[in-house]
Amino acid sequence: MLTVVGGVACTVAAVLPSFLLGGLASLVRADLRFNEARLGLAVGCFYAASSLSAIPGGRIAERLGPRRSMAVGIALAVGSLGGIALFATTWGRLAAFMAVGGMSNGMIQPAAALALARGIRQERLGIAFGVKQSAVPVATLLAGLAVPIIGLTVGWRWAFGGAAVAAVGLLGMLPQDRTASNRERPRARGRGAKVDRGQLPGLARVALASGCGAVAANSMGAFYVESAVSSGERLALAGLLLSFGSICGIIMRLAMGWIADRTAVDPLRMVGLMLIGGTVGYLMLGHTAGTGLLVVGTAVAFAGGWGWPGLMQLAVVQDHMGAPAAASGIAHAGALTGGLIGPITFGWVVSTMGYRTAWSAASVVAMLAGCVLLWERRARQEGAPS
């Protein structure tokens, strides 16, 4: 249990800079004076640094162990959050500190996956990864609550500063480096374990699909509040709706992890179906009017379109138990690349063609992601080379 709690808490700190900026974007943009396109670029800096550091981060975690790797990641997260609170007086400085936060994310994500793979019994990995991946909607939940509670009262900098102080306390919650007592679990092949070359093409396709799914999901995290405000919702309500969507995502991730542990469900196939279902939510966010329909679209988009990462990590780790951090780093690099491309492209589309077109494009990319995963799983089952 301590392994899961520590992994979740550290992962929340790692992703919080991105989602705090998304939730507080209206206030930050008004203060630093930049447009939606630059908002997308700032979030893109976070995911660019994450993507570049994810694969090295996975290899470092295999060598140093999850505890020391996560300690380095927490230090970077504190530097990012605290730097934004104290020194981000221009867009350039904001983007630079977002990149520092991205390096934290690239370090912590594979290290947390390794901690779970080593410290949790095989039959409980589904719910463990569901809990771990709930860290992202927890971060968006906190970002949504930060809008009316902190941003609109004492200012957006206090939200980042408070998060930095809280992250320092996580150094006492780092999971121990240990191996679960499970005789059937394959052992890592030594320090610096690597993924078998024959498995790389299939893993690359999973990373591609993960990246496409992240294009849509991370764009939603960055622009949801701005989009809701542009459609006529009050800023405080938009923040609360972001928190509501995050709760839907948390429930879905936990439920799917619980199901994966107790049934013969194919995690990768379920991810594909969820991504396809989530396209309905994305379309509703851009093409419906009124708070009621926005609530429905929010629930569908967050539950389906962003409820899949726990199952995705479970599938990757189960298929690569000899080198879980290395494999997780590769798959996560795909998601992080999508996180880079998505907000930048989404912001550009919004600034030139509006939110309707941007949400439509996001739904198409999410549909593509789901189809790639369903094709990949079918190819494996039919014995096609991976």
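Residues numbered from 1 in each chain as written. Predicted model: local features only at pLDDT ≥ 70, side-chain atom pairs only at ≥ 80, totals over all residues. Heavy atoms only, no water.

Draft legend 1. The arrangement of the overall build of the chain in detail. Check the secondary structure of the chain and you find 15 helices and 0 strands. Relative to the globule expectation of 21 Å for 386 residues, the C-alpha radius of gyration of the chain, 19 Å, shows essentially globular dimensions. C-alpha atoms of the chain, sized along the principal axes, occupy 55 × 40 × 30 Å. Looking at the chain residue by residue over its 386 residues, the buried ones come to 58%. The contacts of the chain with a sequence gap of at least 6 include a subset with a gap of at least 24, amounting to 86%. Carbon and sulfur atoms make up 66% of the accessible area of the chain, which amounts to about 14,700 Å² in all. Computed over 30 positive and 14 negative side-chain charges, the separation of the two mean positions in the chain equals 6 Å. (Helix = DSSP H or I, 4+ residues; strand = E, 2+ residues; numbered from the N terminus. Rg over C-alpha atoms; globule rule 2.2 N^0.38 Å. Buried < 20%, exposed > 50% of the residue type's maximum accessible area, 1.4 Å probe, protein only. Contact = heavy atoms within 4.5 Å. Areas by Shrake-Rupley, 256 points an atom, 1.4 Å probe, with all protein chains shown as cover. Lys, Arg positive; Asp, Glu negative; His and termini not counted. Charge placed at Lys NZ, Arg CZ, Asp CG, Glu CD.)

Draft legend 2. Focus on the nonpolar core. L20, L21, L94, F160, M220 and Y224 are the most contacted members of the largest nonpolar core, which totals 62 residues. Counting residues per element, this core draws most heavily on helix 9 (residues 200-230), at 8 residues. Residues V8, V317, A327 and L373 belong to the second largest nonpolar core, which totals 33 residues. (Core = buried A, V, L, I, M, F, W, Y, C linked by side-chain atoms within 4.5 Å.)

Draft legend 3. Layout of the side chain of T140. With respect to the helices and strands, T140 occurs in helix 7 (residues 135-151). Within the structure, T140 has its side chain in polar contact with the side chain of S246 (distance 2.3 Å). Those residues in contact with T140 that lie beyond four places of it in its chain are F19, L242, S243, S246 and W306. (Polar contact = N/O pair within 3.5 Å; in protein donor to acceptor, adjacent residues only side chain to side chain.)

Draft legend 4. Inspection of the packing of helix 9 against helix 15 (residues 355-381) at higher detail. One can describe the packing of helix 9 onto helix 15 by two numbers: an axis separation of 9 Å at closest approach and a directional angle of 155°. When the axis of helix 9 is compared with that of helix 15, the two are roughly antiparallel. For the pair helix 9 and helix 15, the crossing hand works out as left-handed. (Axes fitted to C-alpha atoms, helices over the stretch in contact; angles between N-to-C directions. Parallel < 35°, antiparallel > 145°, perpendicular 65-115°, else oblique. Left-handed = near helix turned anticlockwise from the far one by under 90°.)

Draft legend 5. Region of interest: the confidence of the model for the chain. Of all residues in the chain, 92% have pLDDT values of 70 or greater, and the mean over the chain is 88. Below pLDDT 50 for its whole length, residues 180-191 participates in 28 contacts with residues either more than four positions away or in separate chains. (pLDDT = per-residue confidence, 0-100.)

Draft legend 6. Fine view of unusual backbone geometry. The phi dihedral of R33 is positive, around 60°, even though this residue is not glycine. Relative to the helices and strands, R33 resides in the loop between helix 2 (25-32) and helix 3 (36-64). The exposed category is assigned to R33, whose relative accessible area is 76%.

Draft legend 7. Inspection of the pattern of salt bridges at higher detail. In total, this model carries 5 salt bridges according to the counting rule given. The shortest N-O distance in the salt bridge between R377 and D266 comes to 2.8 Å. Of this pair, R377 sits in helix 15 while D266 sits in the loop between helix 10 (235-262) and helix 11 (267-287), and the two are 111 residues apart along the sequence. Because the salt bridges share partners, they merge into one network encompassing R29, E36 and E226. (Salt bridge = Lys/Arg side-chain N within 4 Å of Asp/Glu carboxyl O.)

Draft legend 8. Seen up close, the packing of aromatic side chains. Inspection of the entire model under this criterion finds 10 aromatic pairs. Seen in terms of ring centroids, Y282 and W359 are 6.4 Å apart; in terms of plane orientation they differ by 10°. Their pairing is stacked. Separated by 77 residues along the polypeptide, Y282 in helix 11 and W359 in helix 15 bring together distant segments of the chain. W359 shares its class with Y282; the two are buried. Feature note: the residues F223, Y282, F346, Y355 and W359 constitute an aromatic cluster, connected by ring pairs. (Phe/Tyr/Trp six-rings, centres within 6.5 Å; stacked < 30°, edge-to-face > 60°.)

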